[in-house]
Amino acid sequence: MDPLLIDVPERLETERLVLRVPRRGDGRIVNDAIRASHAELAPWLPWAGVVPTVDESEAHCRRQQARFLLREDFVLLLFLRGADGGEDELVGASGLHRIDWTLRRFEIGYWRKTGCEGRGIVTEAVRALSRLAFDVLDARRVEIRTDEHNERSWKVAERAGFTLEAILRFDSVTPLGEPRSTRVYARVRGAEEPMAA
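**Q** Any chance you could explain helix α4 (residues 151-159) here in plain terms?
**A** Residue pairs three or four apart in sequence face the same way in an α-helix, which turns once every 3.6 residues. All of the buried residues along α4 are Ser153, Trp154, Val156 and Ala157. Buried residues of α4, viewed axially, fall in a sector of 145°; they line one side. Where α4 is buried, its residues meet β5 (105-112), α3 (121-136), β6 (141-147) and β8 (179-188). Looking one or two places after α4, you find Gly161, whose phi comes out positive at around 85°.

**Q** I'm lost on the nonpolar core in this one. Help?
**A** Soluble, globular proteins show a tendency: their nonpolar side chains are buried together. With 37 residues, the main nonpolar core has Phe74, Leu96, Phe106, Ile108, Val126, Leu137 and Phe162 as its most contacted residues. For this core, the secondary-structure elements that each account for two or more residues are β2 (17-20), β3 (74-81), β4 (87-100), β5, α3, β6 and α4. Non-local contacts of Leu96, meaning those with residues more than four positions away in its chain, are made with Asp73, Phe74, Phe106, Glu107, Ile108, Leu129, Leu132, Ala133 and Leu137. Counting residues in hydrophobic clusters, the runner-up holds 13 residues, among them Val30, Cys61, Leu77 and Ala93.

**Q** Mind showing me how you'd approach the packing of helix α1 (residues 27-41) against helix α2 (residues 54-69) here?
**A** For any two helices packed against each other, one specifies the crossing angle of their axes together with the interaxial distance. Between α1 and α2, the least distance of the axes is 8 Å, while the angle of their chain directions is 115°. The chirality of how α1 crosses α2 is right-handed. Between α1 and α2, the contacting residues are Gly27, Arg28, Val30 and Asn31 on the first element and Val54, Ser57, Glu58 and Cys61 on the second.

**Q** Got a minute to help me understand the pattern of salt bridges in this structure?
**A** Two side chains with opposite charge may pair up if their charged atoms get near one another. For the structure on display, the rule yields 24 salt bridges. We note a salt bridge from Arg62 to Glu58, for which the minimum N-O separation is 2.8 Å. A residue pair is termed a helical-turn pair when its members lie 3 or 4 positions apart in one helix, as Arg62 and Glu58 do in helix α2 at four residues. Looking at Glu58, the relative accessible area reads 15%, which means it is buried. Put simply, Arg183 and Glu158 hold a salt bridge, and the shortest N to O gap is 3.6 Å. Of this pair, Arg183 sits in strand β8 while Glu158 is found in helix α4, placing the two residues 25 residues apart along the sequence. Overall, the relative accessible area of 10% leaves Arg183 in the buried class. Salt bridges sharing common partners tie together Arg11, Glu13, Arg20, Asp26, Arg81 and Glu87.

**Q** Sorry if this is basic, but what is going on with the packing of aromatic side chains here?
**A** What describes a pair of aromatic rings is the distance from one ring centre to the other and the angle between the planes of the rings. Overall, the coordinates contain four aromatic pairs when judged by the stated rule. Ring geometry for Phe74 versus Trp101: centroids 6.2 Å apart, planes at 85°, classification edge-to-face. You can see Phe74 sitting in strand β3 and its partner Trp101 sitting in the loop between β4 and β5, a full 27 residues away along the chain. Neither residue differs from the other here; Phe74 and Trp101 are each classed as buried. Put simply, the rings of Phe68, Phe74, Trp101 and Phe106 touch in pairs and so form one group of aromatic residues. Geometry around Trp154 places Arg183 over its ring, the cationic atom sitting 3.8 Å from the centre.

**Q** Is there a simple way to explain the environment of Val91 in this structure?
**A** Inspection of the secondary structure assignment puts Val91 in strand β4. Judged by its relative accessible area of 0%, Val91 falls in the buried class. The spatial distance from the C-alpha of Val91 to the C-alpha of Ala139 is 27 Å, given a sequence separation of 48 residues. Not counting chain neighbours up to four residues away, the residues in contact with Val91 comprise Leu17, Leu78, Phe79, Leu80, Trp111, Arg112, Lys113, Cys116 and Ile121.

Procedures and definitions
Residues numbered from 1 in each chain as written. Predicted model: local features only at pLDDT ≥ 70, side-chain atom pairs only at ≥ 80, totals over all residues. Heavy atoms only, no water. Buried < 20%, exposed > 50% of the residue type's maximum accessible area, 1.4 Å probe, protein only. Helix = DSSP H or I, 4+ residues; strand = E, 2+ residues; numbered from the N terminus. Arc of directions from axis to C-beta. Contact = heavy atoms within 4.5 Å. Core = buried A, V, L, I, M, F, W, Y, C linked by side-chain atoms within 4.5 Å. Axes fitted to C-alpha atoms, helices over the stretch in contact; angles between N-to-C directions. Left-handed = near helix turned anticlockwise from the far one by under 90°. Salt bridge = Lys/Arg side-chain N within 4 Å of Asp/Glu carboxyl O. Phe/Tyr/Trp six-rings, centres within 6.5 Å; stacked < 30°, edge-to-face > 60°. Lys NZ or Arg CZ within 6 Å of the ring centre and 35° of its normal.

Set out below in structure tokens:
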């Protein structure tokens, strides 16, 4: 089936979160969250090396909305869920990336706003995205790749039920150009996930 024909929800709700596709007008709140979190994100994420302008963040949000519609990348903003079920504070972003539609493989990436750590919100988002991948997109494999030294990040993978498959020694570089090793976690259909009916 052509991925463009798959009905993918543009909004997910969990107990405490609303995950939704970026859209026109989100640039300011995304930019504010990145600015507040820059020092914490920059050591791990290449895109966080330079703080974007509001216009750059706005263009990025619109581009990600388009890529979602084209089924090329599934970025979702993470909001605390208000008492009325609506969107409250933006606390980060996550998504399904590096999509291989032939194999049905997806990679979950995530970042969270500084000051929102220690509440399990990223783990909750990862679990929701894992369900989206397996239940809606018929995934065979969902991965999380993280710097070996980013313990907070790889602990999310472990809490979300992903299995450590490998540590790829010095397979890439940090944003500062230093060699880094990558921890590869996965959930696989027929192992951590039951076979499709």
